[in-house]
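Understanding the architecture of this molecule
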Amino acid sequence: MPSPFLSTAIENSTGVIAFSLDRQYRYTSFTNSHYQTMKKIWNVEIAIGVNFLALLEKLNTSDYLKAKGNFDRALAGEHFTKTEDYGDGIQRLFWEDRYDPIYDENKNIIGLVVIVIEVTDRIELINKNAISSERLNLALNAGNIGIWEWNMSTNDVFWSDEILRIYGLDQAFRTLTFEDYLTYVHPEDIDRLKQDIDMCLQTNGQYKTEHRVIPPDGIMRWISGTGKVFLKNGVPTKMTGTIIDITQQKTDAKALLESQEVYRTLTNNMHDMVAQADINGNFIYVSPSHKRILGFDSEKLFGRSIFELIHPQDLPLVATKFEVSIKNKNPEKAEFRYKNANGEYVWIETQGNPILNPKGEVETIILSSRDISERKANEEALRHRDAMVSALAEATSYLAVETNVWIGLQKAIGVLGEKTGADRILIFQNDPTTATAACTLKVKWTSNEMEGKFEYAGTAQFPYRLAPSLEKSLSSKKTFLSHVADIQDDAYRTELAALHVKSVINVPIQVYGQFWGFLGVDECKAERQITNSEFAILKSFVATVGTVLERKEIERENKEWQTRYEIIAASSGQVIYDYDVPSGQIVWSGNSKDVLGLETGEMGNAKEWEKRIHAEDRERVTAELETCRQEGKSFQIEYRFQTKSSSFTQLSDRGFFLKDANGVAYRMLGIMTDISQQKKAEFELKESETRFRTLQEASFGGIGLHYQGEILDANKGLSDITGFSYDELIGMNGVNLIAPESQSVVKEKINMGYEKPYDVIGIRKDGTRYNLEIHSRNIPYQGKTIRVTEFRDITERKQNEEKIIDQNNKLSLFAEDLKRKNEQLDEFTQIVSHNLRSPVSNILSLLDFYEKTEDPAEKKMFIKMLHDSGTKILTSLQELNEVLKIKQDKDIARQDLLFENVLDGVRKQLSSQIAEAKAVVSTDFERVPKVKYPNIYLESVLINLLSNALKYRHPDRTPEIRLKSTVENERVILTVTDNGLGIDLKRYGHHIFKLRKTFHKHPESRGIGLFMIKSQIEALGGEITISSEQNIGTTFIVKF
Amino acid sequence: MAIIALVDDDSIFQFTATRLLESSKLAQNILHFENGAEALTFLREKALQKELLPDYLFLDINMPFVDGWMFLEDFTTLKSSLAKDISIFMVSSSIDPRDLNRAKSFSEVTDFIIKPISLERFQELLKSAQTIE
């Protein structure tokens, strides 16, 4: 149950403070009001990400502990409200704080939101009242204290003026004795007072007593008195004391008691309705007070059922209570809605008391009722207010959690809309270019009922001139709140009416104190009066929206800055970093990968950075940095930095430290440059200077130093080669030492910093040309890049090179010839060993048989076989001879031949075979009709390929042989394709063009043709290849 | 007595060899194949009929269609399915050492013989083959 102050406070306050924290108590959002409060009270500037608790711990330990306890409760999932004081010790303020956990989509608690209302004023008011009344009393009492003194030895009594005033006595009574005084004391109290005094005298102590006195004026007074005995040598000599008139207090206490009784009586009599019902629930008596509360005359209700006018929803409850009461003979109480004479329902609380007859049975029930509408309304308001606060908490938490502001706003207004029962919530942003001329709809939420009725398409951009009253109100930072019917601007009113809007609330959103846009709430169901709490919630929410948008602006600026420095870093080839000293975190520019070969993640934090510094440099670097940090100086350090694996890069690291208000360095910004190239170049310069000096004396070639072509220095060699004197060379453009046709090449090489040797044509002073090899290197020299160029006259080398190339060509031709000859030799070996030796071995065997037999028939048979073998040897020798002839006939005369003509002759020769096979021979010689080739060879090629195709035709189909001539790379190509049996090239491919090889069990296979034409074609530098597929056909390709 | 297969396209060699084997009574039966393909077909068909498979096979290198080398390549995959171990003699008129070396690379080849083959040589070969067995 929230504190009673909250409701009032939130209604009176428009500056609700809210902030949210993550699980580590770091700010994820806060309202501007919170920011201001923190600044006002603690003089601290908070920011997103700052740890609130850590901040508080430093400021006030007890506040820290208090807050931590509350935060932890919320983080543990508790929703609660607490009133507590926080402050800096001088000023303590009272806060009514509501704590709510923030959940993510998985219902995990990821933080908390705190909504704060300052209630100091109220608390102080209460305290002030308490204090002042106490003071007043004290003052009054002080004013009423009378002092007396009784000298026992003389029996004189001194009475102070105050005592005389209290008793209403004049100065004449100043000499009143103690005994005289006692005569004024109330008879009922006199003995007690005497006893008190006697006791005091006997014990030498003191007394305190209350008694009544009736002085001469006859008005009784209540007196609180004290007394104390003073001793002299152990004997009481003096007594002194005070008296206070406490009559008023005594009277007040009595009056209060009496008034309470009166009040109770009054309330009972005036507010209650009393009725009597029978056990069936019918009125048998109705008190007149019903008229006042319900508007019914008592007679109207008499005899009717007590249940008749109860709200249907409450009826079951009341009926049950009624039955229970009768059954248990016990009183029951119920709250329910009851229809009054106007037909409206009012909330009633009724107690039913069963009345028993002498038999102990319930006879009637006395119903005493009172109107509790007001209390109910208050409860309702309280519930609504609670819902509002939790809506605000939830909406605020979305703004805190969502990284995308617009999504966060979308969700937040959704929650707000649902909880407040609004119909639409819209956020409009002013057009940044035209200031407040127009605004654009950025985020919208529509309730389920209004879904589809929202047609803002055409007017998503809303011109303020349509609603001058709206603009006036918003731009002066005032909320525009109106029923649509009351809006003065016609265009605006018409538009809203078209959108079914009944009431609007438009709250201006401030960003950086500027009018940024507005949040609009539309009520469409009915004209509605916004409650104070709703309004407070809304304003608080809008303030938070403003803060969130400010945060977004800052983020955007940061991003832009980030982008800017990324661009700078990328273009300069340097790594820029931002080092947060306390945390050790370093933000690296994204180009670290390009510059150092390390991803930003690999660069890591300060520790990892330190680890990458070369061990020999580390101590020096850290010491130097430490000095700069302490002194706040900028630094420039060179060190070796480990990039990938074990390789180091020479870095130049420049930067500076940023100090906080206390002079402590908290941030370091710097730039790293890879200077290994520069270092290398410096090293190379040294090396090349030495070399240059050496070369100058010893080199056969010329050496020149030039800057963008202009010769700075040269050696004697350069003079010797070019014919220019040293003096002529210095200052001359080196390009002029190059022949015009080579100059562009040289300029290009200079521009690209080419460092490998290359050949050009040089030109001497006398205009003669020579082959020149140039070899240059870039060298940093006194702040600029110069080139060291070596000139070498390579005329002789060029000539030798040409000779070598020539010889190489000859050699490779020779080698090729040799290779071919070797291959041929191989073939001959094969031919001789197989084709000639086997008939010879047969002859030997047969001769042996011949000698051993006597049978003349057998002898005759052996002779025939011997003859066959001899013929075979002769045929083989003839074939060999043919092939050898081909090999030798390399230079056989070529003639221009028409394919068509040669083919005609071949067709005639093969006419019988073609006719027998019923073969179709088609030709395509159109594109390349001619070839320059020996007639006899072309004829041989055609005869063999054609007869081959006829021989190996497929038995199941008409043989088709297609001949086609084409040209490729200036070589004539003849393609002969058939649809015959085809050959399994995988298996027989290596044998195709071999002598005496056949691949078909074909009677005519002789195995000579392909070997022959291959020899012929190759002898003239051509080639023949085959492609084939079994049962599909074969294609021979001849490249002439 | 053994069954001997002669695989050679040379009809005169077939004749002379047959005559020698018959006269010497070295063979129970002589099978004639004109080329590797015919021999392979026979072996595949009679793979499980041990009584019909040859004990010795004289294989010529140079033959049309499926030559000696191609026969050997197929035989290496075929032999495990045969009911009988067959000793193969490579026969050629070639005196080219490359042919000899190549023949040795086949474990299936028992020996490499250069034509002509005398009766004594036949006897010697078959005897040594039997001793090995």
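Quick note: structure is the one above.
First things first, this report covers the structure right here in the doc.

Basis of the calculations
- Residues numbered from 1 in each chain as written.
- Chains lettered and ligands numbered in written order.
- Predicted model: local features only at pLDDT ≥ 70, side-chain atom pairs only at ≥ 80, totals over all residues.
- Heavy atoms only, no water.
- Helix = DSSP H or I, 4+ residues; strand = E, 2+ residues; numbered from the N terminus.
- Contact = heavy atoms within 4.5 Å.
- Areas by Shrake-Rupley, 256 points an atom, 1.4 Å probe, with all protein chains shown as cover.
- Axes fitted to C-alpha atoms, helices over the stretch in contact; angles between N-to-C directions.
- Parallel < 35°, antiparallel > 145°, perpendicular 65-115°, else oblique.
- Left-handed = near helix turned anticlockwise from the far one by under 90°.
- Nonpolar A, V, L, I, M, F, W, Y, C, P; charged D, E, K, R; others polar.
- Pairing = 2+ DSSP bridges.
- Buried < 20%, exposed > 50% of the residue type's maximum accessible area, 1.4 Å probe, protein only.

1. A word on the overall build of chain B
For chain B, the count of helices and strands is 5 helices and 5 strands. Taken from the N to the C terminus, the helices and strands of chain B come in the order β-α-β-α-β-α-β-α-β-α. For chain B, contacts bridging at least 24 residues in sequence account for 68% of all contacts bridging at least 6. Only carbon and sulfur atoms are counted for the fraction: they give 51% of the accessible area of chain B, which is about 6000 Å².

2. Re the packing of helix 3 (residues 52-59) of chain A against helix 4 (residues 61-75) of chain A
Residues and elements named next belong to chain A. Running from N to C, helix 3 and helix 4 cross one another at 155 degrees; their axes reach a closest spacing of 6 Å. By the angle between their axes, helix 3 is roughly antiparallel relative to helix 4. Between helix 3 and helix 4 lies a crossing of left-handed hand. From helix 3, Phe-52, Leu-53, Leu-56, Glu-57 and Leu-59 reach across to helix 4, where they touch Thr-61, Asp-63, Tyr-64, Ala-67, Lys-68 and Phe-71. Residue composition of the contact of helix 3 with helix 4, grouped by class: 7 nonpolar, 1 polar and 3 charged.

3. Description of the sheet that holds strand 20 (residues 503-511) of chain A
Residue and element names in this part refer to chain A. Taken in spatial order, the 6 strands make up an open sheet running 18-17-16-21-20-19, and their pairing is antiparallel. Edge positions in the sheet fall to strand 18 (461-463) and strand 19 (480-483), since each has one partner strand and no second. Geometrically, the sheet is characterised by an average inter-axis angle of 25 degrees between neighbouring strands, direction not taken into account. Across 6 bridges, the pairing between strand 16 (residues 424-430) and strand 21 (residues 514-523) is antiparallel. Counted as the bridge partner of Phe-428 is Phe-518 from strand 21. The sheet contacts of helix 14 (residues 405-420) involve strand 16, strand 17 (438-446) and strand 21, and relative to strand 17 the element is tilted by about 60 degrees.

4. Re the sheet that holds strand 1 (residues 2-7) of chain B
Residue and element names in this part refer to chain B. If you trace the 5 strands from one edge of the open sheet to the other, you get 2-1-3-4-5, paired in parallel fashion. For this open sheet the edge positions go to strand 2 (27-33) and strand 5 (109-114), each flanked by a neighbour on one side alone. On average, each strand axis in the sheet is inclined to that of its neighbour by 20 degrees, with strand direction left out of account. Pairing analysis gives 4 bridges linking strand 1 to strand 3 (residues 56-60), with the strands arranged parallel. Paired with Ala-5 across the bridge in strand 3 is Leu-57. Lying on the sheet, helix 1 (residues 11-24) is in contact with strand 1, strand 2 and strand 4 (87-92); it crosses strand 2 at an angle near 175 degrees.

5. Examining the pairing of strand 35 (residues 960-968) of chain A
Residues and elements named next belong to chain A. Pairing analysis gives 5 bridges linking strand 33 (residues 920-924) to strand 35, with the strands arranged parallel. Its bridge partner being in strand 35, Thr-923 is matched across the sheet by Leu-963. Looking at chain direction, strand 35 and strand 36 (residues 971-978) are connected through 8 bridges and run antiparallel. From the neighbouring strand, Ile-961 faces strand 36, where its bridge partner is Asp-978.

6. Considering the packing of helix 2 (residues 36-45) of chain B against helix 3 (residues 68-78) of chain B
Residues and elements named next belong to chain B. One can describe the packing of helix 2 onto helix 3 by two numbers: an axis separation of 10 Å at closest approach and a directional angle of 10 degrees. It follows from the interaxial angle that helix 2 and helix 3 lie roughly parallel. When helix 2 is examined against helix 3, the residues Gly-36, Ala-39, Leu-40, Leu-43 and Arg-44 are found in contact with a partner set consisting of Phe-71, Asp-74, Phe-75 and Leu-78. Looking at side-chain class alone, the contact of helix 2 with helix 3 contains 6 nonpolar, 1 polar and 2 charged residues.

7. A closer look at unusual backbone geometry
In this structure, the amide linkage connecting Lys-115 of chain B to the following residue, Pro-116 of chain B, adopts the cis form with an omega of -5 degrees. As for its placement among the helices and strands, Pro-116 of chain B is situated in the loop between strand 5 and helix 5 (119-132). In this model, Lys-918 of chain A sits at a positive phi of 55 degrees, which is unusual for a non-glycine residue. With respect to the helices, strands and loops of the structure, Lys-918 of chain A is situated in the loop between helix 29 (911-917) and strand 33. A relative accessible area of 65% places Lys-918 of chain A in the exposed class.

Function cannot be inferred from these measures alone, as they are strictly geometric.
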